[in-house]
Amino acid sequence: MRENGKMYAKKIDIMKGILTLQMIFAHCIQFYAELEKDPVVLHISEYINLTTFSGFLFCFGYTSYLSYFTKERREASRRLLGNAWKLLIGYYISCFGYAIFVEKLPLRMDRIMELLCLKRLAGWSEFLFSFALIMLMELLLFPLFTEKNRWGIGVMVVVAVLVCLLPHREVGSIAGSVTGGYGGAFFPIIPYSVYLIWGIWMAREQIGFRRGVMAAAFAGTVWHTIDYICVSGMQPSRFPLSFSYLVGALFYLYLYYLLAMALEGKESLPPVRYLMDTGRNSLFYLIVSNLIIFALKATSFYQKSTLYSVGLFFVLLFIIGYFRRILRGYGKKGFRVLK
């Protein structure tokens, strides 16, 4: 579908909305619930961790095909660089929020430059840096993703899996965010690019429900489950990324995609409109929620409990929704937001 000259898919907005709410909820319970004492909440956190970053990359892939890879490289480059810049700024905002409010970062130039120069990545913000790198990777490897190149995405899948299977080593923050390894909570873009490529392929072929896709996705999640229950006896390694963890989200994300397809024609319903708005403004939701969660940690106005973390989640949605309404009013009426 085309709006203002740009291609977009409402189902992807819906899916991103679901993933955004998931991630905000996960951050709430990871900061303020007692995960070690509540196995149900712990499993919810693990499930959200498994599906959210992968899901966002699937959505990135789908929208990237519609927005960039159906166009000439010169036309797409400016927008890819612009989005990479926005995501990098978003990372720095979240990064310094975490460092200041949670780590109590002192006002010292060496500690500030450590973050600015990406010598280390601040907690609960690393995924935003990887999102920025994804945009740069799409620009660098642009010819491999276009419809003219029918074998490029297949090569990328093979490379992604091989990188995931290679022995891990100690790496810096940038290398870790590209290939993975020990040394931090890295979201390596090359292995995770299997989800980006999956999204590109789904958009290129305009695939909805297909039994072969369902079977392959189910096999990946079964592999992860067998490893979880019978082999490792625990969640397969996320940092550094293991192959079992990488493929574990496949089936769940395909179900999300099918659910979003089913809801796509029901945008008149308030919950569907809310998901679409959340998905279209996911970066805003994630950054604002992170800042509030981090800032609250620097106060005494919280308690470690599941009830508190769930309540905080709904308060955050209210606050962010309020900000969104103010911004919409500002966009229409300038500074005359209030009548």
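Up top is the structure.
Presented here is an overview of the structure given in this document. All figures in this text were calculated on a predicted structure; none of them were measured in a lab. Per-chain numbering applies: the sequence of each chain, read as written, is numbered from 1 onward. pLDDT decides what is reported in this predicted model: residues at 70 or higher carry local features, side-chain atom pairs at 80 or more are listed and counted, and totals for whole chains, interfaces and linings draw on all residues regardless. To get the side-chain values, all heavy atoms of the structure are used, and hydrogens and water are removed first.

## As for the overall build of the protein chain
Link 1 in the chain: In terms of regular secondary structure, the protein chain is built from 15 helices and 2 strands.
Link 2 in the chain: Values of the radius of gyration come from C-alpha atoms, whereas the globule rule sets the reference at 2.2 Å times the count of residues to the power 0.38. By the compact-globule yardstick of 20 Å for 339 residues, the protein chain fits well, its C-alpha radius of gyration being 20 Å.
Link 3 in the chain: Dimensions of the protein chain, computed from C-alpha atoms along their principal axes, come out at roughly 55 × 55 × 40 Å.
Link 4 in the chain: Here's how the labels work: a residue is buried when its accessible area is under 20% of the maximum for its type, exposed when over 50%, partly exposed in between, all with a 1.4 Å probe on protein chains only. For the protein chain, with 339 residues in total, the buried portion stands at 53%.
Link 5 in the chain: Pairs at least 24 apart in sequence give 76% of the contacts found in the protein chain among residues at least 6 apart.
Link 6 in the chain: Accessible surface is estimated by sampling points in the Shrake-Rupley manner with a 1.4 Å probe; for residues, cover comes only from the protein chains shown. Element-wise, carbon and sulfur atoms account for 67% of the exposed surface of the protein chain, whose accessible area totals about 16600 Å².
Link 7 in the chain: Charge centroids of the protein chain, computed over 36 positive and 20 negative side chains, lie 9 Å from each other. Secondary structure is summarised from DSSP: a helix means a run of H or I of at least four residues, a strand means a run of E of at least two, and numbering begins at the N terminus for each. In this analysis, two residues are considered to be in contact whenever any of their non-hydrogen atoms come within 4.5 Å of each other. Neither His nor the chain ends is counted toward charge; the positive residues are Lys and Arg and the negative residues Asp and Glu. Here the site of a charge means NZ on Lys, CZ on Arg, CG on Asp, or CD on Glu.

## Observations concerning the packing of aromatic side chains
What describes a pair of aromatic rings is the distance from one ring centre to the other and the angle between the planes of the rings.
Link 1 in the chain: Any two of the Phe, Tyr and Trp rings considered here, Trp counted by its six-membered ring, make a pair once their centres fall within 6.5 Å; the pair's planes then place it as stacked at under 30 degrees, edge-to-face at over 60, or tilted in between. Per the stated rule, a full pass over the model turns up 33 aromatic pairs.
Link 2 in the chain: With 5.6 Å between their ring centres and 65 degrees between their planes, Tyr32 and Tyr308 make a pair best called edge-to-face. You can see Tyr32 sitting in helix H1 (residues 10-32) and its partner Tyr308 sitting in helix H15 (residues 306-333), a full 276 residues away along the chain. The same class applies to Tyr32 as to Tyr308, namely buried.
Link 3 in the chain: Their ring planes at 40 degrees and their centres at 5.1 Å tell us that Phe69 and Phe145 sit as a pair that is tilted.

## Comments concerning the side chain of Arg324
Link 1 in the chain: On the secondary structure map, Arg324 appears in helix H15.
Link 2 in the chain: For Arg324, the contacting residues outside a window of four places in its chain are Asp277, Asn281, Phe284 and Tyr285.

## Examining the packing of helix H9 (residues 189-205) against helix H12 (residues 250-263)
Link 1 in the chain: Taken N-terminus to C-terminus, the directions of H9 and H12 make an angle of 35 degrees; their axes are 13 Å apart at the nearest point. Considering the relative orientation of H9 and H12, their crossing is right-handed. Note on element contacts: H12 touches H9 through Leu250, Leu253, Tyr254 and Tyr257, opposite Tyr195, Trp198 and Met202.
Link 2 in the chain: A class-by-class count of the residues in the contact of H9 with H12 yields 7 nonpolar, no polar and no charged. Lines fitted to C-alpha atoms define the axes here, with helix axes fitted over just the stretch in contact, and angles between the N-to-C directions of these axes take values from 0 to 180 degrees. Two helices crossing with the near one rotated counterclockwise from the far one by less than a right angle form a left-handed crossing, whereas a clockwise rotation gives a right-handed crossing. We call Asp, Glu, Lys and Arg charged. Ala, Val, Leu, Ile, Met, Phe, Trp, Tyr, Cys and Pro are nonpolar, and the rest, Gly among them, are polar.

## A word on the environment of Phe69
Link 1 in the chain: Here Phe69 lies in helix H2 (residues 39-69).
Link 2 in the chain: Each C-alpha atom, one on Phe69 and one on Phe145, is 6.4 Å from the other, the two residues being 76 residues apart in sequence.
Link 3 in the chain: In this structure Phe69 touches Ser64, Glu138, Phe142, Phe145, Thr146, Glu147 and Ile200, once residues within four positions along its chain are discounted.

## So, unusual backbone geometry
Link 1 in the chain: The residue after Phe239, namely Pro240, is reached through a cis peptide bond having omega 0 degrees.
Link 2 in the chain: Mapped onto the elements, Pro240 comes out in the loop between helix H10 (211-231) and helix H11 (243-247).
Link 3 in the chain: The backbone of Lys104 shows a phi angle near 55 degrees, a positive value even though the residue is not glycine.
Link 4 in the chain: Take Lys104: it is sitting in the loop between helix H3 (73-101) and helix H4 (109-116).

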